[in-house]
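Listed here are the chains, written in short residue letters.
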Amino acid sequence: MLSTQLKGIIKTYPDFPKSGILFRDLLPIFASPKIYSALINQMASDPIFKQCDAILAIDARGFLLGSSIALQACKPLILARKPGKLPGILIRQSYNLEYGSNSLSIQKDSLKNYQKFAIVDDLLATGGTVKCVSSILKSAGKEISGLSVVIELLELNGKRAFDFPTRSQVQY
C-alpha cells in the first residue's frame, strides 16, 4: 500500500525549525522514483484535478508535486510564491504558520484565463498557507475544486476552515 511506503520513507526531525515542532520531511520521496511516480499517479487521479481548470502549487515543495501532477493531468500550472520571487502585478496575502508568519503572491495575469483551481502542497498543518492561497483565489472571484497534499497533521485540524475537499496520502 502506498501510504505504508510513504510513511516508511518520510523522515521526522524533532525540534525543527524550532523547539516543539516535529518536521515531516518528504524529500526522500523525490529520491525514490518508483514511490514518487506512484504518488503522482495516485494524486493526479483524484477528481479534484478533473474538475479544475488549472493547478495552483504552493512554494516550494508544492512546486515539485504540482508540476508533476499538472503534466499527468494535462492542466496548466500556476505558482504561489514567497516574497520577492515574482515580477509583474501581484495579488499578495500574509498568513501565520505554527512557527511564524510569511506571505504569498500570485501573478494577477496568471489567473485570468481560469475559473476553478486545485491547490497542491506538500503538507497540511494549521492550514495557514492554504487559507492564504484560497483567500487570494476567492478575492479574484475564483473557485477551488479541492486541496491535495502528501501529509496531513491530523491533530492540528488544518482543514476545519475549508469549504472544499481535502485529500491527503498520509496522516500523522
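Scroll up to find the structure.
This structure is a prediction, so every number in the text was calculated from the model and none was measured.

Rules of the game
- Residues numbered from 1 in each chain as written.
- Predicted model: local features only at pLDDT ≥ 70, side-chain atom pairs only at ≥ 80, totals over all residues.
- Heavy atoms only, no water.
- Helix = DSSP H or I, 4+ residues; strand = E, 2+ residues; numbered from the N terminus.
- Salt bridge = Lys/Arg side-chain N within 4 Å of Asp/Glu carboxyl O.
- Buried < 20%, exposed > 50% of the residue type's maximum accessible area, 1.4 Å probe, protein only.

K.L.:
Would you mind showing me how to read unusual backbone geometry here?
P.N.:
In most cases, non-glycine residues show a negative phi, while peptide bonds are predominantly trans. In this structure, Pro17 follows Phe16 across a cis peptide bond, with omega equal to 5°. By secondary structure assignment, the location of Pro17 is in the loop between strand 1 (11-14) and strand 2 (22-25). That bond from Asp59 to Ala60 is cis: its omega, 0°, falls within 30 degrees of zero. As for its placement among the helices and strands, Ala60 is situated in the loop between strand 3 (54-58) and helix 5 (61-73).

K.L.:
Whenever I open this one, the pattern of salt bridges confuses me. Can you help?
P.N.:
Opposite charge on two side chains lets them pair, provided their charged atoms get close. Evaluated as defined, the whole model comprises five salt bridges. Arg167 is the salt-bridge partner of Asp46, the closest N and O atoms lying 2.8 Å from each other. Within this pair, whereas Asp46 is found in the loop between helix 3 (33-44) and helix 4 (47-50), its partner Arg167 is found in strand 9 (residues 166-171), the two being separated by 121 residues in sequence. The class of Arg167 is partly exposed, set by a relative accessible area of 31%. A salt bridge links Arg61 to Asp122; the shortest N-O distance between them is 2.5 Å. You can see Arg61 sitting in helix 5 and its partner Asp122 sitting in strand 7 (residues 116-124), a full 61 residues away along the chain. Judged by relative accessible area, which is 7%, Asp122 ranks as buried.

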